[in-house]
Amino acid sequence: MIRPKGVLLGSVSIVVSFVIFVVPFLFVLVTAMKDRNEANLLQFSWPTRIVLWDNLVQVVQARDYQLVIAFVNSTTLTVCSVAILVILGAMVAFVLQRRPGRWTRIADFLVLAGLIVPPAVVPTIWALQKIGLFRTMTGLILIEVAFGISFTVLLFKAFIATIPRELDEAAALDGAGPIRMFFQVIFPVLRSVIVTVVVVQSVAVFNDFANPLYFLPGDENATVQLTLFNFSSQFTSQYNLLFTDILLITIPPLLMFLFFNRQIVAGQTSGAIKG
Amino acid sequence: MTVNFSRSRALAVTAGTLALTACSAGSLRADAGGGSTAGAVSLTYLVDNGDATVKLANQVTKDFMAANPGITVKVDTRPGGTDGDNLIKTRLSTGDMSDMFLYNSGSLFQALKPETNLVPLSDQPWANNLDANFKTTVTSGDAVYGAPIGSFFAGAMLYNTKVYATLGLKVPTTWAEFMANNAKIKAAGITLVIQTYGDTWTSQLFVLGDFHNVAAAEPSFATEYTANKIKYATNPAALEGFQRLEQVFKAGYLNKNFASAKLNDGLKLLGDGTGAQYPMLTAVVQGLYDTDAATKQSIGVFPIPGDDAATNGLTVWAPNGVYIPKTTTGAKLDAAKKFVAFLASPAGCTSQTTGVTPTGPYAVKGCTLPTDVPQVVKDTVSYFDKKDGTSPALEFLSPVKGPSLEQITVEVGSGITSAAAGAARYDEDVKKQAQQLGLAGW
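Note that the coordinates shown come from a computational prediction; the quantities given were computed from them, not determined experimentally.

Caption draft 1: Up close: the sheet that holds strand β3 (residues 100-103) of chain B. Residue and element names in this part refer to chain B. An order of β2-β1-β3-β12-β6 is seen for the 5 strands of this open sheet, with the pairing classed as mixed. Two strands close off the open sheet at either side, each with one partner strand: β2 (71-78) and β6 (146-149). Neighbour-to-neighbour, the strand axes of the sheet open up by a mean angle of 25°, direction not taken into account. Along the sheet, helix α3 (residues 81-93) makes contact with β1 (41-48), β2 and β3, crossing β3 at roughly 145°.

Shown next, in the form of structure tokens:
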């Protein structure tokens, strides 16, 4: 059973995804292999001399091994904020969905407000300075959590609405307290939507440029996105090093996608139907 | 049993999260000021992340620390452009600025509200030793706030001296001579004028670099312009910048890919002799030296020619300044003052020259340039040596600069808008900005 229409559609989507995802990646790769003169031409061509290793060494050593520190910082930031977002977001969503009332209506409003109201930099810095969290990793993690929590709660809430209440009641009848009910009964059922949240928020936090720039200044506090600016300025750009840096930064999300490929697809489709 | 196990697992997850949260930003370096002797001061110095700026900053801090053993200076970097501007203003207004920082002089410096944010340095002995042109660009009210870092550079016509030599051309001193040269270059099949509208800011040089000619024709242009008494569209001298931009396009003098080419492409065309002339800031040639060392000799510069050979001269940009915010106090303030004094001394200039090749003369009296500077620098210096040979660019004399000039010059330079219409639109553009600044007369 070969359906011509399906074959055509399939081929087109393969070509389109090739152009959109693979071509830019190949461009990054070949530019990262070139020397500075050739890379500055920004042409999509095979390098005449492959100097990928030299570029890698230069990028890693730049500014006193800043990239290594940046990777440590970015990993800490991403892992901590996403972990808090998942656990806290699921807890909040569970309570909001299961116990409607006057207070939850206010909370709902605040969650929506978090999506709509744009954050302002200077007042946020003042607030952080007052509580002594400015210029600390903890402060930045809390900021990332604050910016991501609204979306996360809405996602979890929509999903929890599809879990039958009977499940909670059965657990309660068997003598489970609220904490145990949440962690042992509800949390495992949320698996697919957790994967969605982890993917979406990890990418958002890992790629964030503006927040680390403003809320965690200083060279020793740089995250990987900030290191890109070492190789690109108004007058001179070292495209070979810039693209090598991009290549290195792309690897962690890429690995994550390769390892969690199946769960991600499953998570997003299930979220799509039930959410 | 399972119950206990799961509960302890949940606890472990929570505890792990907390432990991770508690860890601070990673650091592989030992703390710079940690184990040093008592009385030691450690300062932070914030610079933009330009290649040359960082090299310069590392060199001067190294030499400064060698001369002042009790003080350590750590260089921090920030992005350039709009991100950098916002960052500086944010950190100043939240009281979180580094102990010293590098920033533009001129109108961008005025926008920092120096009176409320910066430490006045007029009482420092070096303040009287500054070049008069530079001094005005870091002065607000009666006080001087900054010491110069780097050197003067020009906004003018870069040209390939080899092309000029082969064709037997002379450096033009008037626009008519320039156009006569162009006829000969065109006959040789070489691109006459390089334009790179892929980087829009590069399109402004015909207008901004023409200011020496404007000032020669209208000596009080800057003050009248700030007071809204004179306009680009109605003043014939000022309008010429726009007209010349239009003229080179209409004559078909531009490189074929002018609409999409980037700064790097333009420099390459100029360096390998496929293009003869490129109106540009001379500071950017540094990028060309890194990739092609021969260009140090083969690229020269001449002012954008005006109507009168007698007033031929260079429009120059002042060096950046180093400022101390009011949040730096006590022993740190004393150390920071020592650092800026070092920058504004002949020893500081020597140190800067070791770090990067200067782009023109230094803004401190008593500083000398080495003899082996590139051709562009030699040419630039020759106009500084001439009486009335240079004028600061308009942005150092007047706070009025419209944000859309680069878009407008791209339109005029690619024949979309006429010179007159472009100039009129620019006058509209600056009006909004002047009103935001609250200037009188707008």
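Caption draft 2: Focus on empty space enclosed by the protein. Summed over the entire model, instances satisfying the criterion amount to 5 cavities of 30 Å³ or more. Counted as a void, the largest cavity has a volume near 200 Å³. Contributing to the lining of the largest cavity are 20 residues, with Leu 213, Asp 219 and Leu 226 of chain A together with Thr 77 and Arg 78 of chain B lying nearest its centre. Within the residue set of the lining of the largest cavity, elements represented by two or more residues are α10 (210-215) and α11 (224-227) of chain A together with β2 and α3 of chain B. Class assignment of the residues belonging to the lining of the largest cavity gives a composition of 11 nonpolar, 6 polar and 3 charged. Looking at the second largest cavity, its volume works out to about 60 Å³. Along the walls of the second largest cavity sit Leu 208, Tyr 225, Tyr 232, Leu 394, Glu 395, Val 400, Lys 401 and Tyr 426 of chain B, which together make up its complete lining. Of the residues belonging to the lining of the second largest cavity, the class tally is 6 nonpolar, no polar and 2 charged.

Caption draft 3: The arrangement of the packing of aromatic side chains in detail. Residue and element names in this part refer to chain B. Using the criterion set out here, one finds 30 aromatic pairs over all chains in the structure. Judged by centre distance (5.7 Å) and plane angle (55°), the rings of Phe 64 and Phe 342 are tilted. Remark: Phe 342 occurs in helix α16 (residues 330-343) and Phe 64 occurs in helix α2 (residues 51-67); sequence separation between them is 278 residues. We note that Phe 64, like Phe 342, is buried. Residues Phe 178 and Phe 302 carry aromatic rings whose centres are separated by 6.3 Å and whose planes lie at 65° to one another, so their mutual orientation is edge-to-face. Of this pair, Phe 178 sits in helix α8 (residues 175-187) while Phe 302 is found in strand β10 (residues 299-302), placing the two residues 124 residues apart along the sequence.

Caption draft 4: Highlighting the interface of chain A and chain B. Contacts between chain A and chain B engage 47 residues on the former and 42 residues on the latter. Carbon and sulfur atoms supply 58% of the area that chain A and chain B bury against each other, a total of about 3800 Å² over both sides. Put simply, Glu 220 of chain A and Lys 74 of chain B hold a salt bridge, and the shortest N to O gap is 3.1 Å. On the surface where chain A and chain B come into contact, there are 7 residue pairs in polar contact (both at pLDDT 80 or more). The element best represented in the side of chain A that touches chain B is helix α3 (residues 52-98) of chain A, accounting for 12 residues. Tallied by class, the residues present in the side of chain A that touches chain B amount to 24 nonpolar, 16 polar and 7 charged.

Caption draft 5: Local environment of the environment of Asp 142 of chain B. Note on placement: Asp 142 of chain B falls in the loop between β4 (139-140) and β5 (143-144). Asp 142 of chain B sits 45 residues away from Ala 187 of chain B along the chain, and the two C-alpha atoms are 55 Å apart.

Caption draft 6: Fine view of the confidence of the model for chain A. Across chain A, pLDDT averages 88, with 95% of residues at or above 70. Per-element confidence in chain A ranges from a low mean pLDDT of 79 for helix α12 (residues 239-274) of chain A to a high of 94 for helix α6 (residues 137-160) of chain A.

Caption draft 7: Looking closely at the domain arrangement of chain B. All names here are of chain B. Domain boundaries assigned for chain B yield domain 1 (41-152 + 319-355) and domain 2 (153-317 + 377-437). Between the C-alpha centres of domain 1 and domain 2 the distance comes to 29 Å. Here domain 1 and domain 2 share an interface that buries about 770 Å² over both sides, 60% of which is from carbon and sulfur atoms. For domain 1, the biggest contributors to the area lost against domain 2 are Ser 107, Asn 133 and Phe 152; these three give 58% of the whole. Inspection of the domain 1/domain 2 interface yields 0 salt bridges. The interface formed by domain 1 and domain 2 holds 1 residue pair in polar contact (both at pLDDT 80 or more) in total. In terms of residue class, the side of domain 1 that touches domain 2 is made up of 2 nonpolar, 6 polar and 1 charged.

Caption draft 8: Molecular detail of the nonpolar core. Counting residues in hydrophobic clusters, the biggest one holds 126 residues, and the most contacted among them are Tyr 45, Phe 101, Tyr 232 and Phe 242 of chain B. It is α16 of chain B that provides the largest number of residues to this core, a total of 7 residues. Two domains each put at least three residues into this core: domain 1 (41-152 + 319-355) and domain 2 (153-317 + 377-437) of chain B. Contacts of Phe 101 of chain B, omitting those with residues within four sequence positions, involve Tyr 45, Leu 46, Ile 88, Leu 92, Leu 112, Leu 118, Gly 321, Val 322, Tyr 323 and Pro 325 of chain B. Core analysis: the second largest hydrophobic core is formed by 43 residues, Leu 85, Ile 143, Phe 156 and Ile 194 of chain A among them.

Caption draft 9: How the structure looks around the pairing of strand β9 (residues 275-281) of chain B. Residue and element names in this part refer to chain B. The buried fraction of β9 amounts to 7 of the 7 residues, a majority that puts the element mostly inside the structure. By the bridge criterion, 5 bridges tie strand β7 (residues 153-160) to β9 in an arrangement that is antiparallel. Along β9, the bridge assignment pairs Leu 158 with Tyr 278. Strand direction decides the pairing type here: strand β8 (residues 191-193) and β9, joined by 2 bridges, are parallel. Each bridged residue has a counterpart across the sheet, and for Val 193 the counterpart in β9 is Gln 277.

Caption draft 10: Representation of the packing of α6 of chain A against helix α9 (residues 191-207) of chain A. Residue and element names in this part refer to chain A. It is at 11 Å that the axes of α6 and α9 come closest, and there the two elements cross at 160°. One finds that α6 runs roughly antiparallel with respect to α9. In the crossing of α6 with α9, the sense of the turn from one axis to the other is right-handed. Residues Glu 144, Gly 148, Phe 151, Thr 152, Leu 155, Phe 156 and Phe 159 of α6 form the contact with α9, whose participating residues are Ser 192, Val 193, Ile 194, Thr 196, Val 197, Val 200, Gln 201 and Val 205.

Caption draft 11: Spotlight on the pattern of salt bridges. All names here are of chain B. Throughout the structure, instances matching the rule amount to 16 salt bridges over all chains. A salt bridge links Asp 99 to Lys 332; its shortest N-O distance comes to 3.6 Å. Residue Asp 99 is found in the loop between α3 and β3, and its partner Lys 332 is found in helix α16; the two are separated by 233 residues along the sequence. The class for Lys 332 is partly exposed, based on a relative accessible area of 35%.

Definitions and cut-offs
- Here the residue numbers are simple positions, counted from 1 along each chain's written sequence.
- Lettering of chains starts at A and numbering of ligands starts at 1, both following the order in which they are written.
- Per-residue local features of the predicted model are confined to residues with pLDDT of at least 70, and side-chain atom pairs are confined, for both listing and counting, to 80 or more; whole-chain, interface and lining totals are unaffected and use all residues.
- No hydrogens and no water enter the side-chain calculation; it runs on all heavy atoms of the structure.
- By the convention used here, strands pair only if DSSP detects at least 2 bridges between them.
- Working definition: helices are DSSP H or I runs of at least four residues, strands are E runs of at least two. Numbering for both runs from the N terminus.
- All axes are obtained by fitting lines to C-alpha atoms, using only the stretch in contact for helices, and the reported angles, taken between N-to-C directions, cover 0 to 180 degrees.
- Contacts are assigned to residue pairs with any non-hydrogen atoms lying within 4.5 Å of each other.
- The rule is simple: put a 1 Å grid over the protein atoms alone, call a set of points where a 1.4 Å probe fits but cannot get out a cavity, call an open set with protein on both sides within 12 Å along at least five of seven lines a pocket, and count a residue as lining if it has an atom within 4 Å of a point.
- Grid points are joined across faces, edges and corners, and a volume is the space filled by probe spheres set on the points.
- Any residue outside Ala, Val, Leu, Ile, Met, Phe, Trp, Tyr, Cys, Pro, Asp, Glu, Lys and Arg is labelled polar, Gly included; the first ten of those are nonpolar and the last four are charged.
- Aromatic contacts are taken between Phe, Tyr and Trp rings whose centres are within 6.5 Å, Trp giving its six-membered ring; a plane angle under 30 degrees counts as stacked, one over 60 as edge-to-face, and the others as tilted.
- Only protein chains enter the accessibility calculation, which uses a 1.4 Å probe. A residue is then buried if its area is under 20% of the maximum for its type, exposed if over 50%, and partly exposed in between.
- Buried area is calculated as the accessible area (1.4 Å probe) missing from two parts once they are joined, with the contributions of both summed.
- Counted as salt bridges are all cases of a side-chain nitrogen of Lys or Arg within 4 Å of a carboxyl oxygen of Asp or Glu.
- Think of a polar contact as two N or O atoms within 3.5 Å of one another; within protein, one of them needs to be a possible hydrogen donor and the other a possible acceptor, and neighboring residues in sequence only count if both atoms come from side chains.
- One confidence number per residue, pLDDT, is output by the predictor and ranges from 0 to 100.
- Each domain span listed reflects an automatic or database assignment of domains.
- Only buried residues count toward a nonpolar core, which is a set of Ala, Val, Leu, Ile, Met, Phe, Trp, Tyr and Cys residues joined through side-chain atoms within 4.5 Å.
- In these notes the angle categories are as follows: under 35 degrees is roughly parallel, over 145 is roughly antiparallel, 65 to 115 is roughly perpendicular, and the rest is oblique.
- Left-handed is the label given to a crossing in which the near helix is rotated counterclockwise from the far helix by less than a right angle, and right-handed is the label when the rotation is clockwise.

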